[in-house]
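# Remarks on the overall topology
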Protein chains: 4
Amino acid sequence: MIVVMKVGSPEAEVVRINQELEEWGLTPEKIVGKHKVVIGLVGDTVDLDPLQLREISPWIEEVLRVEKPFKRTSREFRHGEASEVVVSTPNGPAYFGEHHPLVIVAGPCSVENEEMIVETALRVKAAGAKFLRGGAYKPRTSPYAFQGHGESALGLLAAAREASGLGIITEVMDTADVEKIAEVADVLQVGARNMQNFSLLKKVGAQEKPVLLKRGMSATIDEWLMAAEYILAAGNQNVILCERGIRSFDRQYARNTLDLSVLPVLRSLTHLPIMIDPSHGTGRAEYVPAMTLAAIAAGTDSLMIEVHPNPAKALSDGPQSLTPESFDRLVKEMEVIGRAVGRWAAPVVAVA
Amino acid sequence: MIVVMKVGSPEAEVVRINQELEEWGLTPEKIVGKHKVVIGLVGDTVDLDPLQLREISPWIEEVLRVEKPFKRTSREFRHGEASEVVVSTPNGPAYFGEHHPLVIVAGPCSVENEEMIVETALRVKAAGAKFLRGGAYKPRTSPYAFQGHGESALGLLAAAREASGLGIITEVMDTADVEKIAEVADVLQVGARNMQNFSLLKKVGAQEKPVLLKRGMSATIDEWLMAAEYILAAGNQNVILCERGIRSFDRQYARNTLDLSVLPVLRSLTHLPIMIDPSHGTGRAEYVPAMTLAAIAAGTDSLMIEVHPNPAKALSDGPQSLTPESFDRLVKEMEVIGRAVGRWAAPVVAVA
Amino acid sequence: MIVVMKVGSPEAEVVRINQELEEWGLTPEKIVGKHKVVIGLVGDTVDLDPLQLREISPWIEEVLRVEKPFKRTSREFRHGEASEVVVSTPNGPAYFGEHHPLVIVAGPCSVENEEMIVETALRVKAAGAKFLRGGAYKPRTSPYAFQGHGESALGLLAAAREASGLGIITEVMDTADVEKIAEVADVLQVGARNMQNFSLLKKVGAQEKPVLLKRGMSATIDEWLMAAEYILAAGNQNVILCERGIRSFDRQYARNTLDLSVLPVLRSLTHLPIMIDPSHGTGRAEYVPAMTLAAIAAGTDSLMIEVHPNPAKALSDGPQSLTPESFDRLVKEMEVIGRAVGRWAAPVVAVA
Amino acid sequence: MIVVMKVGSPEAEVVRINQELEEWGLTPEKIVGKHKVVIGLVGDTVDLDPLQLREISPWIEEVLRVEKPFKRTSREFRHGEASEVVVSTPNGPAYFGEHHPLVIVAGPCSVENEEMIVETALRVKAAGAKFLRGGAYKPRTSPYAFQGHGESALGLLAAAREASGLGIITEVMDTADVEKIAEVADVLQVGARNMQNFSLLKKVGAQEKPVLLKRGMSATIDEWLMAAEYILAAGNQNVILCERGIRSFDRQYARNTLDLSVLPVLRSLTHLPIMIDPSHGTGRAEYVPAMTLAAIAAGTDSLMIEVHPNPAKALSDGPQSLTPESFDRLVKEMEVIGRAVGRWAAPVVAVA
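A brief structural summary. This one's a predicted model, so the numbers in the text were calculated from it and none came from an experiment.

Reading guide: rules and limits
Residues numbered from 1 in each chain as written. Chains lettered and ligands numbered in written order. Predicted model: local features only at pLDDT ≥ 70, side-chain atom pairs only at ≥ 80, totals over all residues. Heavy atoms only, no water. Pairing = 2+ DSSP bridges. Helix = DSSP H or I, 4+ residues; strand = E, 2+ residues; numbered from the N terminus. Axes fitted to C-alpha atoms, helices over the stretch in contact; angles between N-to-C directions. Least-squares fit on C-alpha atoms with pLDDT ≥ 70 in both. Phe/Tyr/Trp six-rings, centres within 6.5 Å; stacked < 30°, edge-to-face > 60°. Buried < 20%, exposed > 50% of the residue type's maximum accessible area, 1.4 Å probe, protein only. Lys NZ or Arg CZ within 6 Å of the ring centre and 35° of its normal. Salt bridge = Lys/Arg side-chain N within 4 Å of Asp/Glu carboxyl O. Right-handed = clockwise from strand over helix to strand, strands pointing away. Expected span 1.5 Å × (residues − 1). Arc of directions from axis to C-beta. Contact = heavy atoms within 4.5 Å.

All names here are of chain A. Strand order in the closed barrel formed by eight strands is E7-E8-E9-E10-E11-E12-E13-E14, and the pairing between neighbours is parallel. Across the sheet, the axes of successive neighbouring strands diverge by a mean angle of 25°, strand direction being ignored. Judged from the two bridges that link them, strand E7 (residues 103-107) and strand E8 (residues 131-133) form a sheet pairing that is parallel. Looking across to E8, one finds that Ala106 is bridged to Leu132.

Spelled out as structure tokens, the structure:
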């Protein structure tokens, strides 16, 4: 932490501040510049709030943080090595991480009925997916919109899991539902709107299933990593970070702005695996293929793509869903780029 | 809802779409323009998603919403009249609404100990506040930062309530805590990070205490009103909307951008009372007075201002807190503007 | 400037960096922290780019700026005193600055014809304005929209100036037009879209008329002050800063987000006078009064308000223009707040 | 254009509005909905401003645009076909467009001296570039920063052109400089800060050299295409659109947010070729490779990459520049993805 004093700060005030900082258990070191005095703080400053420190004296102009605010999520915490998240599924373990092939997650926005979810599961598995996504509890802007079938949908997800052997990823919105959902889900998803629902983060951190943490719509990279830090600090080390588009000034065509630069940025900051969701990230099915391929080229570990047997009749998020046919075609294109960057696994089972 | 067809759409497709829309229970009316055909939808379209409708045909270029997505929060729902939220406090009922004098809410970010919270309550009451704010459960970006004293802080708030007669406003972050907090609080606060925590909105909507709903950091006006709609739809009509600063591209000086234009905008859209929080809205105590006075001139019904006996030692949000002395001075300035706009109540008790 | 080294940086590299920095004419001072080494740079660092410095070594994690990037616009440059901009108009000198009464600028978006501009000038003067605004050259998003009457409109502005005695403020968009416009205008306006048109800034900085510098739609406070710095550095000290709304994620109701927090922020950073433009700042006439009053309460030195005799027929920006009648009413409300904050001048001439 | 009337609008007012719209030369068609009346406007509405129309009556709630505001840039204007921009260079014609191989543009931010620019030209040509970028006139936030060598740098660019045979792309910032720069440049660049400098757009539209139009930092897609429309409307059909990162709320790691979704979005809206600039788009050399590969996978027609022989000593934008060596390596990776998507040209000349 660096304390920058205002021009003309009295020497006595600098002395007083140094004394106060020493009382806080820090070792201040003063540098006298041409115009300004700055004080470097040596010691455990990670928990200090720069703005708080500023309040010690009206002569302080600014306090600059030198340490990153996150620890367990930092790449340094693992000495520069990537971590991997291993998820057991009926079809065997699936590996998320930068030294593993791309993992494809696909499925509808919400679970509508058994036939639909089982059919979708079989189709996306045939195309190459390892996980089925599908919402039982849905966050909807309007209280009058379909809120998901809730508990009964969990049974349908279990049926789809059994029928297809795919792992299940589904969203948890309420601390009260965590156990119930964890019985069915292989990965618990925390949605963008709950990224800073700290009660929920602590709760999913205290259970054993891996967690998919979506980035909040206006969350900075640091805030996102701090949200992951809540989960890791609570004891759960299996977190996958999912970029799903941020909010910008232009929402006329793409509904969100998919920030693919998180791929190189997160790689240098954290050891955690990364997923990209181009469906929510753009909000329109026609933009999904280009952004999917871009994500692979930029090095994503995983992709989450919405697929619905009949997007026009979907109870939620239809416009961003691919049909099973267009998903089949997209996976073939993904394979081309995936192979080019060395992140493609076994031969894909062809779809007739 | 208006369906805009692409240039060159085949007549047969327009006929087919009309038929499909009729099956949905709508009455489509076609307008043939110079370049394009548009279809107006007559009927109950409020629950339809424009993007969903777009999926009916690849020949649809765009679907435009004509109805507002909110009902109970809309000004029209009350035939253009403002509503008022009446809160009973030990000192008697307090009225929030555009036909009432300004209500001042003040207090620290978090409840630290009994002496501190009682002293602050007495000071802000003496200055003119009707409510004490203070967090028992605190949403913090870092898991390593002070998280609030939780349940034990609720007892301290109760003590401050008894000592001062002020109403209590405190934040609820978890559905599991609602009852417990509602025993002490006169108003339940839903924070910015939980504005779209729909489980929490339903829960506070199902109990009787009034709710203060803060705007999410990147929530549009429509999303904010839809969040309020969740609470009203669940049965609780007593909602106060609180603007606390939105996230913009420049956070170097003011940490958030306080959007005072919500005052005229919300007035025309909704009947609900409005509060402005210039402390979180700017993030620095030195900017609070100017924005407080601006909010009064622009017609706010209420203000929430952070006051802490010793901001430099505050366990959270110190830099944006006023000292009791600067709060006293600010209330005097508020009175001048409040009287000028006819929103000032009884004579203020002078602070020695 | 503070150089932060990565954890584990080799001592030899720190030595090498220090030597290189010394060659740049700087005096580096090293602080050895618990985890990291930081190097404070003493000397003239204002022209250095922190990102550039970072390139000296791959072991540098970050370079933090301690000095502000602006000089002549800074409040410190005038030892904490405000500056004033004095503009001579046919009716006598007008003073912009925090120790002067509020200055009102009013008029249409663009100059349409002589009758309209002269009539508007007389109306707004009667209501209390000191300056007439009106565009001869108009920046329009579409090449097919009305672009202003250009040179011929300058003659009409001159006529309105003579008829009313008001000072004239009009926009300059092209370096080639500066002299021509400066013959008629009392203040040259640089619009939001040209805030970083550095050729234009240098040109208006090299002539004598005062300059009104509008904030760019996504300009940070620092970028805005640096744009002003271009004008001051070119020799023209008479710059007024005008906030006109920034771009945010929500443009459905207010077209821009009027950032009134610039009032306390700029006051602490710069000596230059400040103007607020609530017409462009909100984009709708119905939101203008509330934001105008808010700006006065928050301490603005000046206001720019669009007034048009018949907004529905205006060739540009009609929806945000007040009618002369509603402007009259607004000025009366402004007077109430203006007097309350001690920033109102002589008695207003009543409008019959 | 669709006019939406408020609930309860008097029939007489709807009649009056219809009459007024007919006077404007439009054919209004009324649809009576369950709650609201809407009026569809048939006729030439492209030049009408929806907000202006709203002013016709206080009973109008909203006016929705159905037509796109751009014409010549629209894909429909060319019946769905892509256009190509052909640029003659000493080495022969270069083709920009979706049916041509990827075009690589590389070079330093600014032209520093002859040796440096010629060396860089030869290096990037050897690696596979077809164009040299390099600024003679530089837009810099600070008036005290290096502003480019101006006219003398044009001579150096001419020398580099002759030595390498590469085409030259350089920025024009002032209408007064257009002719002078067009004598040397093969493509004129309009920078992000001047995207809505309409005087400049008209000027480059009135000359013959192709224009590279960078997206403004907070420009919507529509505004960007309207800026291109200025150039096309002025007579110059050879415009390339360049995405270079937009401004978002998080600038801590990537300085801008590179919006790759423009690739599928622009493809569907416009026939013009597209370039991506990952150097300005991220602001840091270490993020450039990932975003470059992503852009190719997503279908870009062209890339602009900053390369500097010694980034740490660069007079501007060093931190985002690649060294020639890292550029060589990157081109090899680009080839892999470029071949995978079928957008790679002739064999690359190997660099020893």
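Let us look at the relation of the copies chain B and chain A. Each copy of the sequence occupies a distinct position, and chain B is placed on chain A by a rotation of 180° and an axial shift of 0.0 Å, giving an RMSD of 0.1 Å. Classification of the inter-copy transformation places it as that of a two-fold axis. For chain B, the minimum C-alpha distance to the rotation axis belongs to B:Ser218 and amounts to 3.1 Å.

In this section: the packing of aromatic side chains. The final tally for this structure, using the stated rule, is eight aromatic pairs over all chains. With 4.6 Å between their ring centres and 25° between their planes, B:Phe198 and B:Tyr230 make a pair best called stacked. Placement of the pair is B:Phe198 in helix H6 (residues 198-205) and B:Tyr230 in helix H7 (residues 221-233), with a sequence separation of 32 residues. Residue B:Phe198 is classed as buried on the basis of its relative accessible area of 1%. When the ring centre of A:Tyr144 is taken as origin, the NZ or CZ atom of B:Lys71, which lies over that ring, is 4.4 Å away.

Summed over all chains, the structure comprises 77 salt bridges over all chains. Here B:Glu179 makes a salt bridge to B:Lys203, at a shortest N to O gap of 3.9 Å. With a gap of 24 residues between them, B:Glu179 in helix H5 (residues 178-184) and B:Lys203 in helix H6 connect regions that are remote in the sequence. A salt bridge links D:Glu98 to D:Arg75, with the nearest nitrogen and oxygen atoms 2.9 Å apart. Taken together, the positions of D:Glu98 in the loop between strand E6 (92-96) and strand E7 (103-107) and D:Arg75 in the loop between strand E4 (60-64) and strand E5 (85-89) put the pair 23 residues apart, joining distant regions of the chain.

All names here are of chain A. The two faces of strand E10 (residues 187-190) match: Val187 and Gln189 on one face and Leu188 and Val190 on the other face are all buried. Relative to strand E11 (residues 211-214), E10 is paired through three bridges, and the arrangement is parallel. Bridge assignment links Leu188 to a residue of E11, and that residue is Val211. In the classification by handedness, the crossover that spans E10, the intervening helix H6 (residues 198-205) and the parallel E11 is right-handed.

Residues and elements named next belong to chain A. Compared with the 20 Å implied by 1.5 Å per residue over 14 residues, the 20 Å span of helix H4 (residues 151-164) between its first and last C-alpha is a close match. Residues of H4 that are buried include every one of Ala153, Leu154, Leu156, Leu157, Ala160 and Ser164, and no others. Summarising the axial view, the buried residues of H4 lie within an arc of 160°, below the 170-degree limit, and thus occupy one face. Exposed residues pointing more than 90 degrees away from the buried face of H4 are listed as Glu151 and Glu162. Residues of H4 that are buried make contact with helix H3 (114-127), E8, strand E9 (167-171) and helix H5 (178-182). Phi for Gly165, located one or two positions after H4, is positive at around 80°.

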